[in-house]
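The lines below spell out each chain.
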Amino acid sequence: MYDVRSPRAEEFIDHAEVMATVQYAREHARDAALLDDILAKAAERKGLDHREASVLLACELPEKTEALYRLAQQIKLDFYGNRIVMFAPLYLSNYCVNSCVYCPYHAKNRHIARKKLTQEEVAREVIALQDMGHKRLALEAGEHPTMNPIEYILECIETIYGIRHRNGAIRRVNVNIAATTVEEYALLRKAGIGTYILFQETYHRQSYEKLHPVGPKHDYAWHTEAMDRAMQGGIDDVGLGVLFGLEGYRYEFAALLMHAEHLEAACGVGPHTISVPRIKRADDIDPGMFDNGIDDATFARICACIRVAVPYTGMIVSTRESQAVREMVLPLGISQISGASRTSVGGYDTPEEPEDNSAQFDVSDQRSLDEVVRWLMEQGHIPSFCTACYREGRTGDRFMALCKSRQILNCCHPNALLTLREYLEDYASPATRELGLARIEQELGRIPGDKVRTRAREYLERIAHGERDFRF
Ligand code: SF4
Ligand code: SF4
C-alpha cells in the first residue's frame, strides 16, 4: 500500500502506485486541458508530484512538449542562472563483493586489474586534481568489508582535506559508497562530507534483484532505505539517481520522484541532487545486454521533466555523456557537470594506457578541464568551482529554504565569479584566461545588490593579488 511517509521501501516506492502512474500518464498523453493545468502549476515553480510530472514525460502533443522545454529553460535560469558547478570523481578502490551485472567491478570479473589506493597514492591523485583546478570531488569505491571498510574511506577523506598544493585545495568531498548503517553515516558526517550519493540503479524490485544476484547490494530494501538512514545519521544533503537503461524509463522516472517526495515528507528535506547516468560500455559489459536504453531525445525530455518537477534540486550529468549531448541538456536544467574525469583507480596521477581496462565505464567526453571550462563559457555558461554553502553550514533544510525563496541567487553568482577568477589565475591557458576575464566583467553587472557587487569587485581584485577563498 502506497505511503509516502512510510519508512519501508515497498510502501514509499509502492510498485502498484508506480504502475498506476505510468498507466495514468499514458492515458493522458494527449489530454491538452490536463497538460495545460500541469504546465501552469509547474510555472509556479513549486514543483510537481510524480503523477503530474509523468504526464508531462508521456506528452504526445508537440506544442505542449515545446512549452515544457521553454519552461525547463526558464526555471533553470531563474534558479541556477547560467552557472554550472564543476566536480570530478575520484576512484579509491575497485575491490567489490557485489555482482551488479552492468558494472565491470563485479566480484566475478577476473580480467580487470584490482586496485586500492594507498594514502600516498590518494595524495598524488589529489595533487593531480588540484593542479587541474578542481575544488569539489565525488569519492567512489566498491563495497568490500575488508578492503574498503569505513575506516579506509574516513582516512582517505582526512588525507584529501589535508592536502594544500600551491593554491589548490579540495573544499568539498562528496561520497558515493555502498548503503551502510546509521552509525557509519554518522561517521561520514563527522568527517565533513558534502553530499552522500547513492544511485538506486533501478527502482523496479524484481529487476533490481535480478541485476544484483549476490552480495549485500541484493537487498532491495536495505539499498532503497539508505537515504533515510543517512539522514538519521545526520547527513542532510543526499543525492539520488537511477541508471537509465536497466528498466523502462517511465517506471524509473515516476519512482525517482516518489523517492524525492518520500524524503521531503519523512525527513523534511528533499534530495540535494539528482543524477541521470545512462548505461555505458565497459570491460565485460555490453549495453546491448539491456534492452531499455534511451535515445538522446528521451534523455533530454527526462532532464526537462526533472527540472520542472523538482526545481530546487541540483541535476548532475557526467562525462558518460558526449559533448554534443551535454550541450543539448545543459540549458534544460543541469546545474553540475564533471570535467576531465578518470573512471579508473589511480587514473589522474598515472593516466591509463589505451589497453588498460580498469575503468568503471567509458568516458564519452575526454576533454581537459581547461577545454571544458572554455567550452562552457563559449556556450554562455559560467563555470563555478563554488563550495560555499557547505562550508557556511547552508545544508539540508537551511539550504532548501534559501533555495526555495531564491535568496540563494545572491550567493551563487558572485561565488561563481570569485571561484572562476581563482581558476583563471592559477590554472587556465592564456585563451581561457582571456575569455574568462571578459566574461567575469560582463557578469558582474548581473549581481542584483549594489553592496554585494562592490564587495565582489573588491574580492576579485584581491584574488588577482594572490589572496584566495573568499565567499558569500
Ligand atoms: Fe560494486 Fe558498485 Fe560496481 Fe556494483 S556498481 S559491482 S557495488 S562497484
Ligand atoms: Fe552551490 Fe551554494 Fe555555491 Fe550556490 S552558493 S553554487 S548553492 S555551493
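Residues numbered from 1 in each chain as written. Chains lettered and ligands numbered in written order. Predicted model: local features only at pLDDT ≥ 70, side-chain atom pairs only at ≥ 80, totals over all residues. Heavy atoms only, no water.

## With respect to the domain arrangement of the chain
Okay, so step 1: One can read the domain layout of the chain as domain 1 (9-76), domain 2 (80-366) and domain 3 (405-464).
Okay, so step 2: The gap between the C-alpha centroids of domain 2 and domain 3 is 29 Å.
Okay, so step 3: Listed as interface residues are 11 residues of domain 2 and, on the opposing side, 12 residues of domain 3.
Okay, so step 4: Overall, the association of domain 2 and domain 3 removes approximately 810 Å² of surface from exposure, summing both partners, and the carbon and sulfur fraction of that is 41%.
Okay, so step 5: Interface area lost by domain 2 to domain 3 is led by Asn82, Arg83 and Asn167, which between them contribute 56%.
Okay, so step 6: Where domain 2 meets domain 3, there are one salt bridge.
Okay, so step 7: Measuring nitrogen to oxygen at the nearest pair gives 3.1 Å for the salt bridge that ties Arg171 to Glu422.
Okay, so step 8: No other element matches the three residues that helix 6 (residues 119-132) contributes to the side of domain 2 that touches domain 3. (Domains from an automatic or database assignment. Contact = heavy atoms within 4.5 Å. Buried area = accessible area lost by both parts, 1.4 Å probe. Salt bridge = Lys/Arg side-chain N within 4 Å of Asp/Glu carboxyl O. Helix = DSSP H or I, 4+ residues; strand = E, 2+ residues; numbered from the N terminus.)

## Observations regarding helix 20 (residues 450-464)
Okay, so step 1: An ideal rise of 1.5 Å per residue puts 21 Å on 15 residues; helix 20 measures up with 21 Å between its terminal C-alpha atoms.
Okay, so step 2: Within the sequence span of helix 20, burial applies to Val452, Ala456, Tyr459, Leu460 and Ile463. Looking down the long axis of helix 20, one finds its buried residues gathered within 105 degrees of arc, a one-sided arrangement. Residues of helix 20 that are exposed and angled more than 90 degrees away from the buried face: Asp450, Lys451 and Thr454.
Okay, so step 3: Looking one or two residues past helix 20, Gly466 carries a phi angle of roughly 105 degrees, positive in sign. (Expected span 1.5 Å × (residues − 1). Buried < 20%, exposed > 50% of the residue type's maximum accessible area, 1.4 Å probe, protein only. Arc of directions from axis to C-beta.)

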